[in-house]
Amino acid sequence: MNTPSNTVPESARVGAPGHNVAVTRPFYWSVCRELWENRSIYAAPLIVAMVVLFGFLVSTIGLPERRRAVLLLDPAKARAAIEAPYDMAAIMLILTAFVVGVFYCLDALYGERRDRSILFWKSLPVSDRTTLLSKATIPMLVLPLVTFAIIVATQLVMLLWTGVLLISHGMSPASTWTYLPLFRNSFILLYGLAAIALWHAPIYGWALLISGWARRATFLWAVLPFFAIAFFERITFGTSHFASMLKDRLMGFAPTAFAFKMHSVDSPQLTPGAYLSAPGLWLGLIFAAVFIAAAIRLRRYRGPL
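Residues numbered from 1 in each chain as written. Predicted model: local features only at pLDDT ≥ 70, side-chain atom pairs only at ≥ 80, totals over all residues. Heavy atoms only, no water.

### Some details on the overall build of the protein
Where we set the bar: Only DSSP runs of H or I covering at least 4 residues are called helices, and only runs of E covering at least 2 are called strands; the numbering of each starts at the N terminus. We call a residue buried when its accessible area falls under 20% of the maximum for its residue type, exposed when it is over 50%, and partly exposed in between, using a 1.4 Å probe and counting protein chains only. For every accessible area listed, the method is Shrake-Rupley and the probe measures 1.4 Å; residues are considered covered only by the protein chains on display.
For the protein, the count of helices and strands is 16 helices and two strands. Taking all 305 residues of the protein together, 40% fall into the buried category. Summed over its atoms, the accessible surface of the protein is roughly 18,000 Å², and 72% of this surface lies on carbon and sulfur atoms.

### Observations concerning the packing of aromatic side chains
As a reminder of what qualifies: Ring geometry is summarised as follows: Phe, Tyr and Trp rings, the Trp one being its six-membered ring, pair when their centres sit within 6.5 Å, and such pairs are stacked at plane angles under 30 degrees, edge-to-face over 60 and tilted between the two. We call a charge positioned over a ring when the NZ of a Lys or the CZ of an Arg lies within 6 Å of the ring centre and within 35 degrees of the ring normal.
For the structure on display, the rule yields twelve aromatic pairs. Ring geometry for Tyr191 against Phe258: centres 5.4 Å apart, planes inclined by 90 degrees, an arrangement best described as edge-to-face. Of this pair, Tyr191 sits in helix H10 (residues 182–199) while Phe258 is found in strand E1 (residues 258–259), placing the two residues 67 residues apart along the sequence. Per residue, the accessibility class of Tyr191 equals that of Phe258, and both read buried. Every member of this aromatic cluster is reached through a ring pair, and the members are Trp206, Phe226, Phe242, Phe287 and Phe291. Residue placement shows Arg25 over the ring face of Tyr28; its charged tip is 4.6 Å from the ring centre. One cation-aromatic arrangement involves Arg249 over Trp199; the distance from NZ or CZ to the ring centre is 4.6 Å.

### Some thoughts on a nonpolar patch on the surface
Here is the rule we go by: Patches here: salt-bridge-free residues with over 30% relative accessible area, like charges joined within 9 Å, nonpolar side chains (Val, Leu, Ile, Met, Phe, Trp, Tyr) joined within 5 Å. By definition here, a salt bridge exists when the distance from a side-chain nitrogen of Lys or Arg to a carboxyl oxygen of Asp or Glu is within 4 Å.
Together, Val99, Phe103, Phe219, Leu220 and Leu224 make up an exposed nonpolar region whose accessible area comes to about 460 Å². Elements that contribute at least two residues to the nonpolar patch include exactly helix H5 (75–108) and helix H12 (218–237). Here the nonpolar patch takes three residues from H12, the largest share from any one element. With respect to the helices, strands and loops of the structure, Phe219 is situated in helix H12. Residue Phe219 is classed as partly exposed on the basis of its relative accessible area, which comes to 39%.

### Observations regarding the environment of Met171
Stated precisely, the cut-off is as follows: Throughout, a residue-residue contact means that at least one pair of heavy atoms, one from each residue, lies within 4.5 Å.
Within the fold, Met171 resides in the loop between helix H8 (128–168) and helix H9 (174–179). With a relative accessible area of 13%, Met171 lands in the buried category. Residues Met171 and Pro64, spaced 107 residues apart in sequence, show a C-alpha to C-alpha distance of 7.6 Å. Leave out the neighbours within four places in its chain, and Met171 touches Pro64, Arg67, Arg68 and Leu166.

### Details of the side chain of Thr162
Defined as follows: Between N or O atoms, a polar contact is any pair within 3.5 Å; within protein, one atom must be a potential hydrogen donor and the other a potential acceptor, and residues adjacent in sequence are included only when both atoms are from side chains.
Here Thr162 is to be found in helix H8. Among the residues examined, Thr162 registers a relative accessible area of 1% and is labelled buried. Engagement of the side chain of Thr162 in a polar contact is seen with the side chain of Tyr86, the distance being 3.5 Å. A polar contact is formed between the side chain of Thr162 and the backbone oxygen of Met158, at a distance of 2.8 Å. Once residues lying within four places of it in the same chain are set aside, the contact partners of Thr162 are Phe56, Leu63, Arg67, Tyr86 and Thr176.

### Thoughts on the pattern of salt bridges
Under the criterion given, the structure shown has nine salt bridges. Across the pair Arg33 and Glu37 runs a salt bridge, and its minimum N-O distance is 3.5 Å. Of this pair, Arg33 and Glu37 are both found in helix H2 (residues 26–37), four residues apart, which corresponds to roughly one turn of the helix. According to the relative accessible area criterion, Arg33 is buried, its value standing at 11%. Between Arg300 and Asp128 there is a salt bridge whose closest N-O contact spans 3.8 Å. Here Asp128 lies in helix H8 and Arg300 lies in helix H16 (residues 279–301), a separation of 172 residues in the sequence. With relative accessibility at 14%, the residue Asp128 sits in the buried group. One network of salt bridges, with partners in common, ties together Arg33, Glu34, Glu37, Glu112, Asp128, Lys135, Arg299 and Arg300.

Interpretation in functional terms is not warranted from these geometric data alone.
So this is what it looks like as structure tokens:
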């Protein structure tokens, strides 16, 4: 008598028609893991967006009267006045994204060492390189895209509310659409977020390195050495070259990525050629690669705290 068997032949499992072999995507799932475990990546910008919207709603009290006065100005000044709230909303959310990115990187490796979850994650068939690259992807790619979507959605809500308010007071909302080219501004915003992310790459790389090295107080270990060097240079040589270098790393993307017209309120002209050929950009990317490579090596040999 034949006895039933639970063993399925290899040919039946692999070679059967219609059988699809599941492809493991460790990098993709590592990025998803970061999003699942770090809700601040999208929660913090959303909270700031709601605060900005609430402030905007309060500020629209008396908007129709102010709009009539603004439309009497010359076109350049009128456009600047109408665009101001939208620009402020974008600036607030971009600053939020930078802060979230820095603190995310400072906790990316330190957190898993502190709660000893690193023992579990290292038991999975995911290399340290894949893990670090997935963590570096969050502030340099995922967070800018999330910020872009939230900014555009916030500005759309502001635009719709302004239109409703103007129509309810017998005014045409066309003045807002005329002076606020949302599609063009969205393209400039996406370009600017990409330029900022690449320019700040060494900051994120340094934060990841400190996260993998420090045993406590990661923020202090990340910033105090730079303040100490700048202070030492100032009191010893009376110069501030190092502080200027730090300032350029924080805000130096603007003069290379955009061409600003003096005494003009027109939108800045995009200069991707000058930006991509800037030595500061490539030097920063080299330092970012070195920091991330060092963080990969640290994670390989560092255990839980």
